[in-house]
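Listed below are the residues making up each chain.
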There are 2 protein chains.
Amino acid sequence: MTGSLTIAGLGPGDEALVTPEVSAALDAATDIVGYAPYVARVPDRAGLARHPSDNRMELQRAGEALRLAAEGRHVVVVSSGDPGVFAMASAVFEALEDQPQWQALPLRVLPGVTAMLAAAARAGAPLGHDFCAINLSDNLKPWTLIEKRLRLAAEADFAIAMYNPRSPSRPEGFARALEILNDAGCGDRVVIFARAISTSKEKLETVRLRHARPEMADMRTLVIVGNSATRRVGRWVYAPRQVR
Amino acid sequence: MTGSLTIAGLGPGDEALVTPEVSAALDAATDIVGYAPYVARVPDRAGLARHPSDNRMELQRAGEALRLAAEGRHVVVVSSGDPGVFAMASAVFEALEDQPQWQALPLRVLPGVTAMLAAAARAGAPLGHDFCAINLSDNLKPWTLIEKRLRLAAEADFAIAMYNPRSPSRPEGFARALEILNDAGCGDRVVIFARAISTSKEKLETVRLRHARPEMADMRTLVIVGNSATRRVGRWVYAPRQVR
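Residues numbered from 1 in each chain as written. Chains lettered and ligands numbered in written order. Predicted model: local features only at pLDDT ≥ 70, side-chain atom pairs only at ≥ 80, totals over all residues. Heavy atoms only, no water.

Trainee: Lay out the sheet that holds strand β6 (residues 124-125) of chain B in plain terms, naming residues and giving numbers.
Mentor: Taken in spatial order, the three strands make up an open sheet running β6-β13-β12 (chain B), and their pairing is mixed. The open sheet has two free edges, formed respectively by β6 and β12 (231-233) of chain B, since each of these has just one partner strand. Bridge count for β12 of chain B against strand β13 (residues 236-238) of chain B is three bridges, and the pairing is antiparallel. Residue pairing for β13 of chain B: Val 233 of chain B is matched across the bridge by Trp 236 of chain B. Most of the contacts of helix α4 (residues 88-98) of chain A go to β13 of chain B, to which it runs at about 120°, and overall it touches β6, β12 and β13 of chain B. (Pairing = 2+ DSSP bridges. Helix = DSSP H or I, 4+ residues; strand = E, 2+ residues; numbered from the N terminus. Contact = heavy atoms within 4.5 Å. Axes fitted to C-alpha atoms, helices over the stretch in contact; angles between N-to-C directions.)

Structural data, given as structure tokens:
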């Protein structure tokens, strides 16, 4: 029996944002592998084996998924949002590089609605002009690189989507990020704090950057800093298409 | 009768990538407004009015959609991909700003799978680390700004997703973009040319940037330039999570 590995994105939370392609893959799976809260989002059924794991176990989890697929199982690795954006897909390819015997396995990556798109849609259209996405976690890269990217992103006048802005183990980074952007002249920019969009815990808050406080974000918050032209119309925030 | 306006993303092409949320909105619509090829993707049914329009008519189209909603119709404005990424959402908010009497209309933006996510999934995980998205069309912004952003994106070592790289009316820009990135020391970077992903015209090509030729892209191509650490494993391309 030939197994397979599918790396799938569950979207930001609402089941109405799971693509039919991903739903079909979940229906056909024998095994679901992923961070426990995401595995818990997959509907239960007879014969489906679940392999939840803790946060920060990405590489071990990827290896487990590949091993199961090599044993003939039909494995789906689940991430929230899109699996390719600060999620499990890169970890699976790292594991695959370490273990070339697994490279012949049938492998697919199924895209999903990543957090910044769901957040942007709820707020209006803050990503309607050029933008960047920066993971604010310094678990896997030096903080100096994050600082450099923030400064260059401000200079480029990108809208900036910040993933994983703040966690109990990294309380300082986001405060520093706001300082850097204030120092870079972005104090007047519109900032959107989008928490747990499309779930029952959803919360959306918009302020000028100079009034943003670190406590407005946690690990379930996606922060979007507008570009210099981003503005409000009624309750909405959007980036005009035209720049002169 | 109170009308409504929904701005929805149809995803990159495959119907299996349309979210259930968007499908439900299309089923409930009285009117579909959009660029003709996208309107044509919406299944026909009795009583559904279709309002296709030409390319570059975004603002007029947005006004038409708002006018129909103000008349009591349930209007869905369709874009391919995600409506907030270089698509119709910003144009609708611009029209809304011009005509404040429409700001009381019920309005929703429904996210979708944008082209860079579909392209990245097909190629592997080239957006697994920090990245940016740049629209290479200079219809609505000066080319000098695009050049500046490309240089800063290279300096920041972002992966770079390029939307609308090349069209018959703008044959030179993409060639110039490749030159700029070569000059910025990105010649060894992996470049992915992802054309019409998830459609019957799908084509995926990967080369080093120094070997990339302008003719490899057209208006249906999404180009992703990897960061300096992006590499291949088997037929896949991915950005490692860790940077030292």
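So that's the structure; there's more coming.
Trainee: So what about the packing of helix α6 (residues 143-155) of chain B against helix α7 (residues 173-183) of chain B? Which residues, and what values?
Mentor: All names here are of chain B. Two numbers describe how α6 lies on α7: the axes approach to 10 Å, and their chain directions differ by 30°. The two elements α6 and α7 meet at a crossing, and its hand is right-handed. Between α6 and α7, the contacting residues are Trp 143, Glu 147, Leu 150, Arg 151 and Ala 154 on the first element and Gly 173, Arg 176, Ala 177, Ile 180 and Leu 181 on the second. Class assignment for the residues of the contact of α6 with α7 results in six nonpolar, one polar and three charged. (Left-handed = near helix turned anticlockwise from the far one by under 90°. Nonpolar A, V, L, I, M, F, W, Y, C, P; charged D, E, K, R; others polar.)

Trainee: If you had to explain the interface of chain B and chain A to someone new, which residues and values would you point to?
Mentor: In this assembly, 67 residues from chain B lie in contact with 67 residues from chain A. Taking both sides of the interface into account, the surface hidden between chain B and chain A amounts to around 5,800 Å²; carbon and sulfur atoms contribute 61%. Applying the counting rule to chain B against chain A returns 10 salt bridges. Of the charged contacts, one joins Arg 241 of chain B and Glu 94 of chain A as a salt bridge, the two residues approaching to 3.2 Å between their closest N and O atoms. Scanning the region where chain B abuts chain A turns up 30 residue pairs in polar contact (both at pLDDT 80 or more). The residue inventory of the side of chain B that touches chain A, partitioned by class, reads 37 nonpolar, 12 polar and 18 charged. Where strand β7 (residues 131-135) of chain A meets strand β7 (residues 131-135) of chain B, three bridges bridge the pair, whose relative direction is antiparallel. Paired with Phe 131 of chain A across the bridge in β7 of chain B is Ala 133 of chain B. (Buried area = accessible area lost by both parts, 1.4 Å probe. Salt bridge = Lys/Arg side-chain N within 4 Å of Asp/Glu carboxyl O. Polar contact = N/O pair within 3.5 Å; in protein donor to acceptor, adjacent residues only side chain to side chain.)

Trainee: Describe helix α3 (residues 58-70) of chain A, listing the residues and the values that go with them.
Mentor: With 13 residues, α3 of chain A extends 18 Å between its outermost C-alpha atoms, agreeing within 8% with the 18 Å of an ideal straight helix rising 1.5 Å per residue. Turning to α3 of chain A, the residues buried within the fold contact β1 (4-9), β2 (31-35), β3 (49-53), β4 (74-79) and α4 of chain A. (Expected span 1.5 Å × (residues − 1).)

Trainee: Pulling in residues and values, what's your account of empty space enclosed by the protein?
Mentor: As enumerated under the stated definition, the model contains three cavities of 30 Å³ or more in all. Here the largest cavity is characterised by a volume of approximately 40 Å³. Forming the boundary of the largest cavity are Trp 236 of chain A together with Leu 5, Leu 66, Leu 96, Trp 102, Gln 103, Leu 105 and Leu 107 of chain B. Tallied by class, residues from the lining of the largest cavity come to seven nonpolar, one polar and no charged. (1 Å grid on protein atoms, 1.4 Å probe; cavity = no way out; pocket = protein on both sides within 12 Å on 5 of 7 lines; lining within 4 Å. Points joined across faces, edges and corners; volume = space filled by probe spheres on them.)

Trainee: Could you give an account of the pattern of salt bridges, naming the residues involved and the relevant values?
Mentor: For the coordinates displayed, the defined rule picks out 34 salt bridges over all chains. Put simply, Asp 218 of chain A and Arg 195 of chain A hold a salt bridge, and the shortest N to O gap is 2.8 Å. Of this pair, Asp 218 of chain A sits in the loop between β10 (203-208) and β11 (221-225) while Arg 195 of chain A is found in strand β9 (residues 190-195), placing the two residues 23 residues apart along the sequence. Among the salt bridges present, the one from Arg 151 of chain B reaches Glu 147 of chain B, with a minimum N-O distance of 3.4 Å.

Trainee: Give a detailed account of the sheet that holds strand β2 (residues 31-35) of chain B, specifying residues and quantitative values.
Mentor: Residue and element names in this part refer to chain B. Taken in spatial order, the five strands of this open sheet run β3-β2-β4-β1-β5, and their pairing is parallel. What marks the edges here is a single partner per strand, and that holds for β3 (49-53) and β5 (107-110). The mean inter-strand angle of the sheet, taken between neighbouring strand axes irrespective of direction, is 15°. Across four bridges, β2 lies against strand β4 (residues 74-79) in parallel orientation. Bridge pairing links Asp 31 to Val 75 in β4. On the sheet, helix α3 (residues 58-70) packs against β1 (4-9), β2, β3 and β4 and is oriented at approximately 175° with respect to β2.

Trainee: Let's hear about the relation of the copies chain B and chain A: which residues, and what values?
Mentor: When chain B is fitted onto chain A, the two copies agree to an RMSD of 0.0 Å after a turn of 180° and an axial shift of 0.0 Å. Taken together, the turn and the small shift mark the pair as related by a two-fold rotation axis. In terms of proximity to the rotation axis, the leading residue of chain B is Cys 132 of chain B, whose C-alpha is 1.9 Å off the axis. Most of the interface of chain B is mirrored in chain A, where 100% of its interface residues again form contacts. (Least-squares fit on C-alpha atoms with pLDDT ≥ 70 in both.)

Trainee: Hey, could you go over the environment of Ala 104 of chain B for me, with residue numbers and the actual values?
Mentor: With respect to the helices and strands, the residue Ala 104 of chain B is situated in the loop between α4 (88-98) and β5. As for Ala 104 of chain B and Ser 4 of chain B, which are separated by 100 residues in sequence, their C-alpha atoms are 9.8 Å apart.

Trainee: Would you mind going over the packing of α3 of chain A against α4 of chain A in detail, with residue names and values included?
Mentor: Residues and elements named next belong to chain A. Close contact between α3 and α4 brings their axes to 8 Å; oriented N to C, the two are set at 65°. It follows that α3 is roughly perpendicular to α4 by the angle criterion. Considering how the two elements wind past one another, α3 and α4 form a crossing that is right-handed. In this structure, α3 uses Glu 58, Leu 59, Arg 61, Ala 62, Gly 63 and Leu 66 to contact α4, whose residues at the interface are Met 88, Ala 91, Val 92, Glu 94, Ala 95 and Leu 96. Grouping the constituent residues of the contact of α3 with α4 by class yields eight nonpolar, one polar and three charged. (Parallel < 35°, antiparallel > 145°, perpendicular 65-115°, else oblique.)

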